[in-house]
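Each chain, written out:
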Amino acid sequence: MPDLSINFAGIKSPNPFWLASAPPTNSGYQVMKAFDAGWGGAVWKTLGVPVVNVSSRYGGVNYRDKRLIGFNNIELISDRPLADNLREIEEVKKFFPHHAVIASLMVQSRQEWHDIVRDVTNAGADGIELNFGCPHGMCERGMGSAVGQEPEVLKTIVEWVMEVARIPVIVKLTPNISDITEPARAARAGGADAISLINTIQSIVGVDLDKFAPYPIVDGQGTNGGYCGPAVKPIALNMVKNCAQDPNVRLPISGIGGIENWRDAVEHILLGASSVQVCTAAMHFGFGIIREMTAGLEQYMTEKGFQTIYDFVGKALPNVRHWEDLNLKYQVKAHIHEDKCIGCQLCYTACEDGAHQAIRLQEGTRVPAIIEQNCVGCNLCSLVCPVEQCITMERRDDATEHLTWKERTEAGTIPVTFNDDRAGGLHHWVPEPVAALGKERHKTLPGKARALGSPQEATVSAPTATDVLSAS
Amino acid sequence: MAEYPTPTTEQEFAANFAQIKPLMSNTEALYESSRCLFCFDAPCIKACPSGIDIPQFIRQINTGNTIGAAKTIYEANYFGNACGKVCPTEVLCEGACVYNLNDQKPIEIGRLQSHATRKVIDSGKHLFGPGPANGRKVAVIGAGPAGISCACELRALGYAVDVFEAREQPSGLTLYGVAPYKITNAEALAEMDYLEQQFGYRVHYNHRISTREELQRLEDEYDAIFLGIGLGATNALLLPGEERTNCVGAVEFIEQLRTEHQHVAVGRKVIVLGGGNTAMDAASESARLGAEDVTLAYRRGKGEMGAYGFEYDLAKGAGVKGLFNVAPVEIVGNGKVEGVRFIRTATLDGQVQIVPGSEFVEPCDMVIKATGQAKQTGFLHLIPGLQLDGKGRIVADTRTGQTSNPRYFASGDALNGGAEVVNAAAEAKQTARGIHEFLSGN
Ligand SMILES: Cc1cc2nc3c(=O)[nH]c(=O)nc-3n(C[C@H](O)[C@H](O)[C@H](O)COP(=O)(O)OP(=O)(O)OC[C@H]3O[C@@H](n4cnc5c(N)ncnc54)[C@H](O)[C@@H]3O)c2cc1C
Ligand SMILES: Cc1cc2nc3c(=O)[nH]c(=O)nc-3n(C[C@H](O)[C@H](O)[C@H](O)COP(=O)(O)O)c2cc1C
Ligand code: SF4
Ligand code: SF4
Ligand code: SF4
């Protein structure tokens, strides 16, 4: 049985799954329920200055029939009284002494920071997270991302906090910045014990086509909000990786952003996170998702022979390189497994219109064929194919050569002019521009006119169902 | 034992004849349309006799442009709503959907199609209108799928169109022939009202064209005449006892069923003669009307029936039994039908042969003959120079629908010998273009 427990910068937790500071951690009731369900920790909904929220607070991005692949909010920090929250933190810790309760904080003056850090420490919190991320509402008041975007200010506030902190301090970073390692380094310089990222991304989640206003709509108007959910995971992963690889950061990382199942969590961990936080998925599916997350993580660790989380924290980092370090001699080509192909021809149209015209249609079958010499090995076809493992990318070089751009630069063999012989695309065949004419036009005609307009299909009488039957 | 209680009210009728392709809700349409892969040169389009751009209209539904979806459908097929419900989609679009090859459920194209078109029908959305009048007139005989489709397309091209229909209501066999569990009368007629409002052709109901004089008048008054007359009455069996009470033709029985619903009397033990789709329908329908025992009797083996497999399955599901390799020799009874005398058959080298001495009487109190529809050759012979083929089908140019009498054009069952609504609709739309080509010279 693998050991899922963690010691994150001194904060102990039975597993690496924490609820992020957000509506699911708004009250003692919710946090207790989550711990009962199996969550290892919870970062309490941010406490601080008094706020007032608007009504209509969230917007979603749906993809076809899939709800909330992206999620955005214009909500502020906790609007419940500080005293109530402190009392509930204390109560939760009484029932769950071994779970992690981290107080998320956001105030303004040095004195306020000192006061609130002492308050939550006295209430029994295991750690503190400084919310320098909220991209709306609070930043206008000089807090949240207004701090997170100014490394110097961030560092100063961390220093204020560290003056009184007796429990570990995590700095939560905003992604609304061009180089995430700058505030990460500032957090370290200020003396923080750890960082967590990412907070939400400044966004407009959609526009109402009838009301001419952005979602979510508050009395006919809206504002930019913070974006999160499955769609932001790739951005989060990249930022986690950047911080994990930066030699000047070297702090434990709590990964946040688009985590909804064990796989997402393992990805964050492989890129350097040693705890993970979840918000949107818990808001969408409730606390019960933790069962799948822990079960999946356990299974994965068992299969890989990992005893503890630390056996694989950052394990993918050595393989995340700069582009110039990649092997230019490595060559894959697409391969269609004909027995699996259902003939949708999405690969054909994708390569034809969106890549390198390296797939052709064949007479008498709907299974397309790869034109090997044109295939650049871009993966596109294998990504659009709706059948699992139907298009695979097969290695075609003999794995004996290794040459990178960096090495070529050093050897002076990189292409230097536009018409340089050594450029990649020079010998790549492309069709004549006019060969495109007439291929799509008839498809704009309705019904049978479309078939009549197509050069190959000038059949006149439509097939009857019986024809179709007898032909098959 | 009967699977269905005899319906006595309109509700009970509706329950026994529940729609097998019920209307999709918006949510169901969203989820189902999400599954479509948007195949390149999609095989479903090719399998649709009217060539509807299926992935296009499904994508339109998915992006909240249901009105645009309906437009895409109607631009290819004026019976878009009816077709979504009555087409044998299992062997057409849905049968061609690539999902079948992955052993996954094909996209429910028919129901999506009806969903989209129903939206514009219900709202009366103005999508089409007559083209600028070109001063020419065309007479359309028959207000079935062929006649109405031709009328719509001709109106769009600017022709004045008069439709002459023998019956009281439009849509031909869609209303009078198709099984009630595929489409309700209200649905069929709503689409007809919608099209008439959009295109503004005139229909003269209860107006059968049956004499040379009437045809002459049409020839004098109109620039061209379109024949969308479909087929005729059930073929006679030419067997002794055929005239007995309760020995009826399938199309006549079904027409009565469509118009009178639960007021149609069905026997307690019904024998349906035939192995085609109409036989399957008549058998299912008898069972759903509460007949205790329904038997399908067919001359050849089960596998040789002309009916689609799914139609036979539907009949079996309604409790219908099969009696194969038997040929009827006499309808027995005393004034009323009391049974059918059969003789067993065997198929040798593709030929059906009777097995001597194997006669037996299967008792019943109703016989439904599903032995095919006759062609309207008597009427068609009134048209000078009109050529028919050996089977009594009108001969016409496959592209323009023009017959051997240049001012007459034809489409639908009268031309193809009996196919589906979608074929009639698709052919007639194309023939309207043929008429236009003939009259305008382009
Ligand atoms: C029992 C049965 C079930 C069927 N089920 C299905 C099904 O589930 N799905 C499907 O797609 N297809 C089905 N079909 C086939 C489909 O109904 C026909 O293919 C389609 O209706 C043909 O259209 P049409 O316009 O050519 O002819 P019809 O629909 O027959 O229309 C012809 C019209 O012309 C009128 N008419 C005829 N002669 C004259 C005249 N001399 N003067 C004036 N008016 C005249 C008729 O009254 C009729 O309204 C079924 C057919 C039958 C018989
Ligand atoms: C494969 C690929 C290559 C790109 N190359 C460029 C580029 O050369 N120049 C550029 O300005 N943007 C480039 N982009 C960015 C896109 O123009 C665009 O800004 C970005 O993909 C976001 O739009 P989307 O969400 O519709 O993809 C590229 C995007 C992709 C996917
Ligand atoms: S995308 Fe996949 S399933 Fe579709 S045609 Fe290409 S190989 Fe076949
Ligand atoms: S890998 Fe890229 S270039 Fe090669 S066939 Fe696929 S889409 Fe085309
Ligand atoms: S074949 Fe199926 S998945 Fe492909 S476009 Fe048609 S309906 Fe959509």
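Refer to the preceding data block for the structure.
The following paragraphs examine the structure supplied in this document. Owing to the predicted nature of the structure, the values given are computational and were not obtained by experimental measurement.

## Section: the overall build of chain B
Across its full length, chain B carries 18 helices and 14 strands. Taken over the C-alpha trace, chain B has a radius of gyration of 23 Å; the compact-globule value for 442 residues is 22 Å, and the two agree within 12%. Structurally, chain B occupies a C-alpha span of about 70 × 55 × 45 Å along its principal axes. Every one of the 442 residues in chain B was classed for burial, and the buried ones make up 58%. Considering only contacts within chain B whose residues lie at least 6 apart along the sequence, 71% involve residues at least 24 apart. Put simply, chain B has 41 plus and 51 minus side-chain charges, and the middle of one group is 2 Å from the middle of the other.

## Description of the sheet that holds strand E14 (residues 408-410) of chain B
All names here are of chain B. On the basis of which strands lie adjacent, the open sheet formed by 5 strands has the order E3-E2-E1-E4-E14 and parallel pairing. The open sheet terminates on both sides in strands that have one partner only, identified here as strand E3 (202-204) and E14. The average angle at which neighbouring strand axes cross in this sheet is 25°, direction not considered. Most of the contacts of helix H9 (residues 145-156) go to strand E2 (residues 160-164), to which it runs at about 170°, and overall it touches strand E1 (137-141), E2 and strand E4 (224-227).

## Digging into the site of ligand 1
Residue and element names in this part refer to chain B. Not every one of the 34 residues close to ligand 1 is listed here, only the nearest: Val86, Ala146, Glu165, Leu173 and Asp413. Interatomic distance of 2.9 Å between a backbone N/O atom of leucine 173 and an oxygen atom of ligand 1. Measuring from an oxygen atom of ligand 1, one finds a backbone N or O atom of glycine 228 at 3.4 Å. Relative to its unbound accessible area of 990 Å², ligand 1 is 96% covered by the protein chains. Mapped onto the shell around ligand 1, the elements with two or more residues apiece are H9, helix H13 (250-260), helix H14 (277-288) and helix H18 (421-440). When residues of the shell around ligand 1 are sorted by domain, at least three fall in each of domain 2 (137-232 + 375-440) and domain 3 (247-369).

## Quick word on the sheet that holds strand E5 (residues 247-249) of chain B
All names here are of chain B. Pairing is parallel across the open sheet formed by 5 strands, whose spatial order is E5-E13-E6-E7-E8. Where the open sheet ends on each side, the last strands, each with one partner, are E5 and strand E8 (321-324). Taken pair by pair, the neighbouring strands of this sheet meet at an average axis angle of 25°, ignoring direction. Summarising the sheet, strand E6 (residues 269-273) and strand E13 (residues 366-369) pair through 4 bridges and their orientation is parallel. Following the sheet pairing, isoleucine 271 is matched in E13 by valine 367. Together, E5 and E13 form the strand contacts of H13, whose direction differs from that of E5 by roughly 85°.

## Focus on the site of ligand 3
For ligand 3, the full set of nearby residues is A:Ile336, A:Cys341, A:Ile342, A:Gly343, A:Cys344, A:Gln345, A:Cys347, A:Pro368, A:Cys385, A:Pro386, A:Cys390 and A:Ile391. A breakdown of the residues in the shell around ligand 3 according to their chemical character gives 10 nonpolar, 2 polar and no charged.

## Here we look at unusual backbone geometry
Look at the link from A:Leu197 to A:Ile198: it is a cis peptide, with omega at 10°. With respect to the element layout, A:Ile198 can be found in the loop between strand E10 (194-197) and strand E11 (201-203). Not every positive phi belongs to a glycine, and A:Asp219 is a case in point at roughly 50°. In this structure, A:Asp219 sits in the loop between strand E13 (213-214) and strand E14 (225-228). A positive phi angle, close to 80°, is found at B:Asn246, a residue other than glycine. When its relative accessible area of 26% is taken as the criterion, B:Asn246 is described as partly exposed.

About the thresholds
- Starting from 1, residues in each chain are numbered consecutively following that chain's sequence as written.
- Whichever chain is written first is A, and whichever ligand is written first is 1; the rest continue in order.
- For this predicted model, a pLDDT threshold of at least 70 governs which residues receive local features, and a threshold of 80 or more governs which side-chain atom pairs are given and counted, while totals over whole chains, interfaces and linings are taken from all residues.
- To obtain the side-chain values, all non-hydrogen atoms of the structure were included, while hydrogens and water were left out.
- In DSSP terms, a helix is any run of H or I states spanning at least four residues, a strand is any run of E spanning at least two, and both are numbered starting from the N terminus.
- For the radius of gyration, the atoms used are the C-alpha atoms, and the globule rule reads 2.2 Å times the number of residues raised to 0.38.
- Type-normalised accessible area, obtained with a 1.4 Å probe on protein chains alone, sets the label of each residue: buried when under 20%, exposed when over 50%, and partly exposed for intermediate values.
- Throughout, a residue-residue contact means that at least one pair of heavy atoms, one from each residue, lies within 4.5 Å.
- Charge counting treats Lys and Arg as positive and Asp and Glu as negative, with His and both chain ends excluded.
- The atom standing in for a charge is NZ when the residue is Lys, CZ when it is Arg, CG when it is Asp and CD when it is Glu.
- Here, strands pair whenever DSSP counts at least two bridges between them.
- Lines fitted to C-alpha atoms define the axes here, with helix axes fitted over just the stretch in contact, and angles between the N-to-C directions of these axes take values from 0 to 180 degrees.
- Nearness is defined per residue: one heavy atom within 4 Å of the molecule or strand is enough.
- Any pair of N or O atoms that falls within 3.5 Å is considered a polar contact. Within protein, one atom must be able to donate a hydrogen and the other to accept it, and sequence-neighbouring residues count only if both atoms are side-chain atoms.
- Where accessible areas are quoted, they stem from the Shrake-Rupley method and a 1.4 Å probe; at the residue level, only the protein chains shown are allowed to cover.
- By convention here, the domain bounds are inherited from an automatic or database domain assignment.
- When residue character is reported, Ala, Val, Leu, Ile, Met, Phe, Trp, Tyr, Cys and Pro are called nonpolar, Asp, Glu, Lys and Arg charged, and the others, Gly included, polar.

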